[in-house]
Amino acid sequence: MALGDLMASRLSQSPSPAVVTVAEPPAAVIAAGEDELETSMAYLPHTVVICESRHEGFEDGNQIQSGPSDGGFVSKWRPKDRMKTGCVALVLCLNISVDPPDVIKISPCARKECWIDPFAMAPPKALDSIGKALHEQYERWQPKARYKLQLDPTVDEIKKLCATCRKYARSERVLFHYNGHGVPKPTANGEVWVFNKSYTQYIPLPITDLDSWLKTPSIYVFDCSAAGLILNAFIERLGLDSSSSSTSSPKDCIILAACEANETLPQSAEFPADVFTACLTTPIKMALHWFCGRSLLRDSLDHSLIDRIPGRQNDRKTLLGELNWIFTAITDTIAWNVLPHELFQRLFRQDLLVASLFRNFLLAERIMRAANCSPVSYPVLPPTHQHHMWDAWDMAAENCLAKLPQLIADPNSEFQPSPFFTEQLTAFEVWLDHGSENKKPPEQLPIVLQVLLSQSHRFRALVLLGRFLDMGSWAVDLALSVGIFPYVLKLLQTTALELRQILVFIWTKILALDKSCQVDLVKDMGHLYFIRFLDASDAYPEQRAMAAFVLAVILDGHRKGQEACLQTSLMEICLRQLQGERGEPLLMQWLCLCLGKVWEDFPEAQVVGVQMDAVGGLVPLLVEPQPEVRASAVFALGTLLDVQNFSFRDEDGDDDEKLRAEVNIVKSLFQAVSDGSPLVRAEVVAALARFALGHNRHLKSITSEYWKTTTQTHPPSSSSTNRLTTPPSLSNLTSFIQSTPTPLSGPVLRIGSDSSSRGISIINNSINNNINSSPHSDSSSQHSDPGLLRDVTANNTANNTNNVNIGSNGGMSYHSRSSSRSNNNIDNPVYQQFILTMLGMARDPSPRVAGHARRTLSIIGIDSVVLRGTRFGGVLHAGESSAPTSSGNLTFARSNSWLDMNAGNLSMNFRTPPVSPPQQSYLSGLRRVCSLEFRPHPQSSPPQPSPPQPSQSVHSSRSNSEATTTNQILPESNVYNWSCGHFSRPLLTGSDENEEGAVRREERERCVMDCVKRCQHSCASKLNNQIASWDTRFETGTKATLLLPFSPVVVAADENEQIRVWNYEDATVLNSFDNHQDSSEKGISKLCLVNELDDNLLLAASSDGNVRIWKNFTVKGKQKLATAFSSVPGPQRPSIRNAIVDWQQQSGYLYAAGGDLSSIHIWDLEKEQLLSSIPSSCPDSTISVLSASQVHGGQFAAGFTDGSLRIFDIRSSDMPVCMARPHTQGVERVVGIGFQPGIDPSKIVSASQAGDIQFLDARMTPSLPYLTIDAHRGSLTALAVHRHAPVIVSGSAKQLVKVFSLQGEQLGIIRYYPTFMAQRIGSVTCLAFHPYRVLLAAGAADALVSIYADDGYQVR
């Protein structure tokens, strides 16, 4: 199966990771019968939520991918400096017919030089022929180099030769080949011998002179006896360090020597005299001659046939070309497996001629070691002559020699390729089936690279390469280091349809690791290949998503890539596919990201996008069910907002069409601020921050005018008390910005204050935010925006050129005499809503979103109050005080009065900023005001005016701010980098974690089935056995409790949202942490367990409507915030103080209501999206309690403060499906409600604060109680109904718990006994049953949590 088909089938057939479906029930359940099976399976929740990769460390940022890297370790695969050998100097000192005095030759001895017998012709002719032959042999490897030949030269001739070569080569490498077979051995000092002009003397040539003439970079080949002496001299005298040969030497000198210092060249007649040179320049011929003398064919094969091998060396479809191809693959493989990767890159990938010489040097080592001669080199190579890959070469050589006679006899006979590459691909495939990162890398990887050159093997090689790259980034790095990149880059020029899918997959894996490849792709027009594939209708959506990813990486931060893609139809293709039928979420996600990268910080592309109505195509995606798609759409919309020339926008005037598009974008983003996914909300803030930067002047004008109005209304007073009791508030700001504005003037509003951050401070005052203005500031304060003041307030100055007019609709227009600019098309309400939206998001339950919002507020001149404090999610250990400390994290403090606020831990310092000198540039003033510093806010010093700062600090601040770039000012968008991580993970294989999770779930399902049966058939329990009692040390008492289903663990929380986890069998505290650090927003509403049968998550709902879901909450200090959102969206959020929620695992829905709202919000946590809002059908009363059925998904009940209740079923068109008012004893609120055990959805139990418990059946008309229990008299505080056992319990403020059966019989009572040994219980605040066992956790106002069971309880 092709890789593309394999990938598509696996991706399309794999279930969504958010939903785990039980394929078949356990065997024990099947045996129980079909009816019982249906009943039992109804109790098993089949959904798993909040388990996607976006929930892994999003808040702390540890798991957010940085995107494809463009530097670091991944760039090591690229040769640092591409080089080539530009000139070759060939020096032959043969002195034919005259033997050197220190050489004693054997008889017969080796005679051939360059495969020519010098004694077969006259010496001068022989010397010339050998020189030409050597030239031709080298020219095969580097045909474009300049060649200079010197035969039996003098010292002066060599000096001239070296100077000429260096002149031609310039900075390129020079090869110096020295054949010293006709001169004495090198001296001990490393001197080589040449001749005098009359050839009567041998003249020594010091290698220091040679090196000074030739310079670097250079490569030397010394073919003479004792050549190791020369190598040693280079190392000793020229500063080459043999111990660090793996790295490039400062001299960049490479040396190949024929033998060690104490060795003599082989003289056997079976070798040529220049066997070292023969191996380096004619490796195939030399290898076959040497092998033929050692194989079984030596007697039957005519050795002369080896010189007649048909074909060309560069034609792989001929015998000679295939042999050369196999030899290259084998020597590359040996080198890659033996050498350090950095040395391999330098010797085998940096210079083509050097790579060829070192491949052939490996052959020379093998052949010459057989003759007791050891070639040496610098850099030093490890021994390779016994590597097992030489066996593969011997087999290929033998196959060649076996069919050589037939091919020569019949030149027209069909050439049969060698099975070498097929066999090696099979070996690579075997490794893929069993290999891993922890095992030895596949040695066949260089061979796979070579196979890509063959059209017959190419597809299979690409498929196997794709499988290898999918194993992880380590595999991609290995493939790049072996040299795969230029091959797959060249393949983008092919038109073969069968290669499209696999090439896109391979490039996806490469670019997921290394972003720097974008330059090569654009340079070679490779982006066109992926654009065509993206537009291919026959490609799978998952594969088109990969093409969109590749294009996005090409565009990411690469202006040339953006310009190249802008000239194509990429935008049109992406928008057309987005506006068409909704398809694969991954494709929609990457189409949005690709569009965003096209026009990110690229004004020309932004204009084109607006003209193509990109906004209209992206806005509908803001309601897609997948958070990744929504976040990507927000990213694309946000990058359409131009901030590049934000400082001049108001003066120059952009296209009105683009301005209207920006307004539409911002208005659309306002609808997404209440999204359930922090990933989406973070992108919304990042996008709105771009708007804030582009429209900074208008936004600051509104807050500035409000400040001026407030200071006029509340004039400065020397009385400290007057200052504290007359603050401005956000309600005044709201009413101000919604009224008809007056001409804007005054300093820019700054919210937040410390020793270096001057101006105005904001904190949250109950519903509104109080703004602490500086009573002594004036219009020339240090926080004034000089550019704004110049353009807005200086209407009567002599050099005034701009006037501000306020229209009836609140819009502001700047009229310039020079430009005659028309009215600005953005109305003030957009700016007003922006400010209010950002102030709300600055209190977002997600720390990352809130931090982004505060950073955005600072752009428009509003700073947040910064407190010294503990980090988010700080851990409190057992025994520590649970009281809130005076320190916290970034927060907006809550208070009901200005005086109360200052009486607490916060001290608000009024500051009188100094007068700042006139600014020459609006840009520098804006950047100064947009300072993003957050400093600790002083907490102990009394309010007092701060001393004036020296005026020099203004210039210092301005100069520092000038260096701030736009990207540093804006909050960072993370969706692109995070989305890139998807392609870094394996895409073709299933995860072992999924298999382990399935096994664990199956075991838990069996356990649940067993427990449910026991509960259903158990007799009534009195719950009179107190098995544990835990002093939580909560100062405000226990507000909520929760029992975990598969471990003896209880979770408790108090009003200050301290959460503690306790093992009630071992009596040990497992963990303790804060739900959040905002001391002004405390109040827990409920604890719920998410994913009961899988990896448990803790849902902590606060009374303000915020919901936080925690991972790893039972491990000390390891808790992580998986997600957080406000369950009660809308403008009423600041007023919510008594929000209530309940979680339904069967459907994956969270039901929420709060405050005086008359709607119930239904959140789909799988989609992290508000599914719908249902009217409560009780406008005169508010909801006091919610209860979701844990058997029937979509069904829940609501109790109200007037004693009535409603039953809802979102699957029904008629809602509510039942309305009743069973509690008629006065107007008492419903404090508890629950569905009765079993699968009957119509029976519920309700309890009111008056103390009565009512049993109702929704099928009865009218819906009247069929059973009433007067459990408590006016003091009922809590009710719990067991999910499966026929038992309910109620708690009272009078320190007792009563246990009842479903028939109304009182089974037991748990009282408060003051004796030392008896049960102890305080005023009951919360009750919670174990979901599958008859266990009860009771929380009390005295901070005790008690665990009760029946008499038959056994410790597991």
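Thresholds, definitions, all that
- Residues numbered from 1 in each chain as written.
- Predicted model: local features only at pLDDT ≥ 70, side-chain atom pairs only at ≥ 80, totals over all residues.
- Heavy atoms only, no water.
- Pairing = 2+ DSSP bridges.
- Helix = DSSP H or I, 4+ residues; strand = E, 2+ residues; numbered from the N terminus.
- Axes fitted to C-alpha atoms, helices over the stretch in contact; angles between N-to-C directions.
- Parallel < 35°, antiparallel > 145°, perpendicular 65-115°, else oblique.
- Contact = heavy atoms within 4.5 Å.
- Buried < 20%, exposed > 50% of the residue type's maximum accessible area, 1.4 Å probe, protein only.
- Salt bridge = Lys/Arg side-chain N within 4 Å of Asp/Glu carboxyl O.
- Core = buried A, V, L, I, M, F, W, Y, C linked by side-chain atoms within 4.5 Å.
- Phe/Tyr/Trp six-rings, centres within 6.5 Å; stacked < 30°, edge-to-face > 60°.
- Lys NZ or Arg CZ within 6 Å of the ring centre and 35° of its normal.
- Arc of directions from axis to C-beta.
- Expected span 1.5 Å × (residues − 1).
- pLDDT = per-residue confidence, 0-100.
- Disulfide = S-S within 2.5 Å.
- Left-handed = near helix turned anticlockwise from the far one by under 90°.
- Nonpolar A, V, L, I, M, F, W, Y, C, P; charged D, E, K, R; others polar.

Trainee: Explain the sheet that holds strand E26 (residues 1183-1188) here, please?
Mentor: Two orientations exist for strands paired in a sheet by backbone hydrogen bonds: parallel and antiparallel. If you walk across this open sheet you meet the 4 strands as E26-E27-E28-E29, and the pairing is antiparallel. Only two strands of the sheet have a single partner each, and these edge strands are E26 and strand E29 (1218-1220). Recorded for the sheet is a direction-independent mean angle of 15° between the axes of neighbouring strands.

Trainee: Would you explain the packing of helix H11 (residues 341-348) against helix H17 (residues 473-482) in this entry?
Mentor: When two helices pack together, their arrangement is captured by the angle between the axes and the distance separating the axes. At a minimum axis separation of 10 Å, H11 and H17 run at an interaxial angle of 30°. Relative to H17, the element H11 is oriented roughly parallel. Counted together, His-341, Phe-344 and Gln-345 of H11 and Leu-478, Leu-480, Ser-481 and Val-482 of H17 form the full contact between these two elements.

Trainee: How should the environment of Glu-972 be read in this particular structure?
Mentor: Here Glu-972 shows up in the loop between helix H41 (966-969) and helix H42 (975-984). By relative accessible area, Glu-972 is classed as partly exposed at 47%. Linking Glu-972 and Ala-687, residues 285 residues apart in sequence, is a C-alpha distance of 9.6 Å. The contact partners of Glu-972, leaving out residues within four places of it in the chain, are Ala-686, His-852 and Asn-977.

Trainee: What is the right way to look at the pattern of salt bridges in this model?
Mentor: Opposite charge on two side chains permits them to pair, given that their charged atoms come into close proximity. Evaluated as defined, the whole model comprises 40 salt bridges. Salt-bridge contacts for Asp-252 lead to Arg-173; the nearest nitrogen and oxygen are separated by 3.2 Å. Here the residue Asp-252 occupies a position in the loop between helix H7 (228-237) and strand E7 (253-257), and Arg-173 occupies one in strand E3 (residues 173-179), the gap between them amounting to 79 residues. Judged by relative accessible area, Arg-173 falls into the buried class, the value being 1%. As a salt-bridge pair, Arg-346 and Asp-252 come within 3.5 Å of each other at their nearest N and O atoms. You can see Arg-346 sitting in helix H11 and its partner Asp-252 sitting in the loop between H7 and E7, a full 94 residues away along the chain. Asp-252 gets classed as buried once you look at its relative accessible area, which sits at 14%. Here the salt bridges do not stand alone but share partners, grouping Arg-173, Asp-252, Arg-346 and Asp-351 into one network.

Trainee: Even after reading the chapter, I still don't get the nonpolar core, so can you show me in this structure?
Mentor: In summary, soluble globular proteins display a tendency toward joint burial of nonpolar side chains. Counting 230 residues, the largest nonpolar core has Trp-393, Phe-468, Trp-507, Leu-534, Leu-570, Trp-590 and Phe-834 as the members making the most contacts within it. In this structure, Phe-834 is in contact with Phe-670, Leu-688, Phe-691, Ala-692, Leu-699, Thr-856 and Ile-860, ignoring residues within four places of it in sequence. Core analysis: the next-biggest nonpolar cluster, separate from the first, contains 36 residues, Ile-158, Cys-224, Phe-234 and Val-376 among them.

Trainee: Teacher, can you tell me more about the packing of aromatic side chains here?
Mentor: Aromatic ring pairs: the centre-centre distance and the angle between the two ring planes describe each pair. A complete count under the given rule lists 33 aromatic pairs for this structure. Look at Phe-691 and Tyr-831: their rings are 6.0 Å apart centre to centre, the planes differ by 25°, and that puts the pair in the stacked class. Here Tyr-831 lies in helix H36 (residues 828-841) and Phe-691 lies in helix H31 (residues 678-694), a separation of 140 residues in the sequence. Accessibility expressed as a relative area gives 1% for Phe-691, which makes it buried. A relative accessible area of 1% means that Tyr-831 is categorised as buried. Here the aromatic residues Phe-176, Tyr-178, Tyr-220, Phe-222 and Phe-234 are joined through ring pairs into a cluster of three or more. Looking at Arg-316, its charged tip hangs above the ring of Trp-325, at a distance of 5.6 Å from the centre. Cation over ring: Lys-597 sits above Tyr-976, and NZ or CZ is 4.2 Å from the ring centre.

Trainee: Please clarify how the pairing of strand E5 (residues 202-205) should be interpreted in this entry.
Mentor: A regular strand carries its side chains on alternate faces of the sheet. Pairing of strand E4 (residues 192-195) with E5 involves 4 bridges; the strand directions are antiparallel. Counted as the bridge partner of Trp-193 is Pro-204 from E5. Between E4 and E5, which pair antiparallel and follow one another directly, the connecting turn spans 6 residues, one of which, Tyr-199, has a positive phi of 55°.

Trainee: How should the sheet that holds strand E35 (residues 1287-1292) be read in this particular structure?
Mentor: As summarised here, the arrangement of the 4 strands in space is E34-E35-E36-E37, forming an open sheet in which the pairing is antiparallel. Both edges of this open sheet fall to strand E34 (1276-1281) and strand E37 (1306-1311), since each of them pairs with a single strand only. Each adjacent strand pair in this sheet contributes to an overall mean axis angle of 15°, direction not counted.

Trainee: Which parts of the structure should I look at to understand unusual backbone geometry?
Mentor: The general pattern is negative phi for most residues beyond glycine and trans for most peptide bonds. For the peptide bond that leads from Ser-107 to Pro-108, omega is -10°, which places it in the cis range. Considering the arrangement of structural elements, one finds Pro-108 in the loop between strand E1 (85-92) and helix H4 (123-139). Following Thr-216, the chain continues into Pro-217 via a peptide bond in cis, with omega recorded as 0°. With respect to the helices, strands and loops of the structure, Pro-217 is situated in the loop between helix H6 (207-214) and strand E6 (218-223). With a phi angle near 55°, Asp-613 is a residue other than glycine that sits in the positive phi range. Counting through the fold element by element, Asp-613 comes out in the loop between helix H26 (603-611) and helix H27 (614-618). The phi dihedral of Arg-1033 falls on the positive side, at around 65°, and the residue is not glycine.

Trainee: Help me understand H26, please; the structure alone is not making it clear to me.
Mentor: Think of an α-helix as turning once every 3.6 residues; residues three or four places apart then point the same way. For H26, every residue scored as buried is listed here: Pro-603, Ala-605, Gln-606, Gly-609 and Val-610. Viewed end-on, H26 has its buried residues packed into an arc of 155°, placing them on one side of the element. Positioned one or two residues after H26, Asp-613 has a phi angle of 55°, which is positive.

Trainee: Before we go on, may I ask you to explain helix H16 (residues 455-469) in this structure?
Mentor: Given a rise of 1.5 Å per residue, 15 residues ought to cover 21 Å, and the 21 Å separating the end C-alpha atoms of H16 matches this to within 8%. Taken as a whole, H16 has its buried residues at His-457, Arg-458, Ala-461, Leu-462, Val-463, Leu-464, Leu-465, Gly-466, Phe-468 and Leu-469.

Trainee: Teacher, can you tell me more about the environment of Gly-638 here?
Mentor: With respect to the element layout, Gly-638 can be found in helix H28 (residues 627-639). When the C-alpha positions of Gly-638 and Arg-690 are compared, they lie 7.0 Å apart, and in sequence the two are 52 residues distant. Excluding anything up to four places from it in sequence, Gly-638 contacts Ala-687 and Arg-690.

Trainee: Can you walk me through the confidence of the model for the protein in this structure?
Mentor: Interpretation of this model should avoid reading the predicted coordinates in detail wherever pLDDT is low. Overall, the prediction assigns the protein a mean pLDDT of 79, with 75% of residues at 70 or greater. For the protein, the element scoring lowest by mean pLDDT is helix H38 (residues 898-903), at 31; helix H8 (residues 275-281) scores highest, at 97. Every residue in residues 10-39 is under pLDDT 50, and counting partners more than four places away or in other chains gives 32 contacts. The low-confidence segment residues 864-964 (pLDDT under 50) makes 256 contacts with residues lying over four places distant or belonging to another chain.

Trainee: Please explain the state of the cysteines as it appears in this structure.
Mentor: Cysteine pairs can be linked by a disulfide, which is a covalent bond between their two sulfur atoms. Under the definition given, this model contains 0 disulfides. For the unlinked cysteine Cys-259, the closest cysteine sulfur is that of Cys-373, found at 4.5 Å. Looking at Cys-574, it has no disulfide partner, and the nearest cysteine sulfur is the one in Cys-594, 4.3 Å off. Look at Cys-574 and you get buried, because its relative accessible area is 0%.

Trainee: Just checking my understanding: could you explain the packing of helix H22 (residues 541-555) against helix H25 (residues 585-599) for this structure?
Mentor: Interaxial distance between H22 and H25 falls to 8 Å at its minimum, and their mutual angle equals 20°. Put simply, H22 runs roughly parallel to H25. As H22 runs across H25, the sense of the crossing is left-handed. When H22 is examined against H25, the residues Pro-541, Arg-544, Ala-545, Ala-548, Phe-549, Leu-551, Ala-552 and Leu-555 are found in contact with a partner set consisting of Leu-586, Leu-587, Trp-590, Leu-591, Cys-594, Lys-597 and Val-598. Taken together, the residues of the contact of H22 with H25 break down into 13 nonpolar, no polar and 2 charged.

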